[in-house]
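Each chain, letter by letter, is given below.
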Amino acid sequence: RKLWKEDLPFYQIELAPFRGIGPTAAKRYPAMRHQQAKAAASINDVYDLCILDAGEEYNIHPRHKKIVGERLSRSVLKHSYGFDEYIGDSPRALSFDKQGDTITILFSHTGKGLECKGDLKKYLLVTHQGKELDYTAEIKNNRLILKGPFNDKTVRIEFCESNYCIDPLFNSDNDPVFAFTAEV
């Protein structure tokens, strides 16, 4: 930006899901993705693009370039050119509200709402003191509602927090939800 003497926008693509083999398998890709998001949030006009649906288990450079390119183009059209018909961002968990046996997670950037396109329970882990809790999930517009044995317990929720995952939650522009962890 200094070199160009202009406050140009910057678009970063998060690290793709990747299990790895040998030494690459030992890395904590979710931690790196969170640092990417933190950096983007701390700098004006920087946009972080989620590709948790486009990775390959054993290839750090996924072949699903079209998905990433389409997502990037929607974000550029929205943020750089003002095309408001695009959401331009992937959903992020904004808040967690626990009332008895129900946890409601509110998301940003959902457009016409969230949609589940895969096995949610495979990538949404709900635990209490390290023990996995069974739950049911329902989507209502921009909210994910979990019901389970949550009464009087501190519950940890982890979504897509492994090196390799296939994100099952999307907004109406087909942008996947960013990974998150919370305790409620």
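Residues numbered from 1 in each chain as written. Predicted model: local features only at pLDDT ≥ 70, side-chain atom pairs only at ≥ 80, totals over all residues. Heavy atoms only, no water.

**Q** What's the story with the pairing of strand E4 (residues 102-107) in this structure? I'm lost.
**A** On a regular strand, each side chain points to the face opposite its neighbour's, so the side chains alternate between the two faces of the sheet. Judged from the six bridges that link them, strand E3 (residues 93-99) and E4 form a sheet pairing that is antiparallel. Bridge assignment links Ala93 to a residue of E4, and that residue is Phe107. Once E3 ends, the chain turns through two residues before running back antiparallel as E4, passing Gly100 with a positive phi of about 65°. For E4 and strand E9 (residues 143-147), the ladder comprises five bridges, and the chain directions are antiparallel. Bridge pairing in E9 places Thr104 opposite Ile145. (Pairing = 2+ DSSP bridges. Helix = DSSP H or I, 4+ residues; strand = E, 2+ residues; numbered from the N terminus.)

**Q** Help me out: how do you make sense of the sheet that holds strand E12 (residues 180-183) in this one?
**A** Adjacent strands of a sheet pair through backbone hydrogen bonds, lying either parallel or antiparallel. The strand order E7-E6-E10-E12 describes an open sheet built from four strands, whose pairing is antiparallel. Across the chains shown, the open sheet's two edge strands, defined by having one partner strand only, are strand E7 (131-132) and E12. Where strand E6 (residues 124-128) meets E7, two bridges bridge the pair, whose relative direction is antiparallel. Across the sheet, Thr127 pairs through a bridge with Glu132, a residue of E7.

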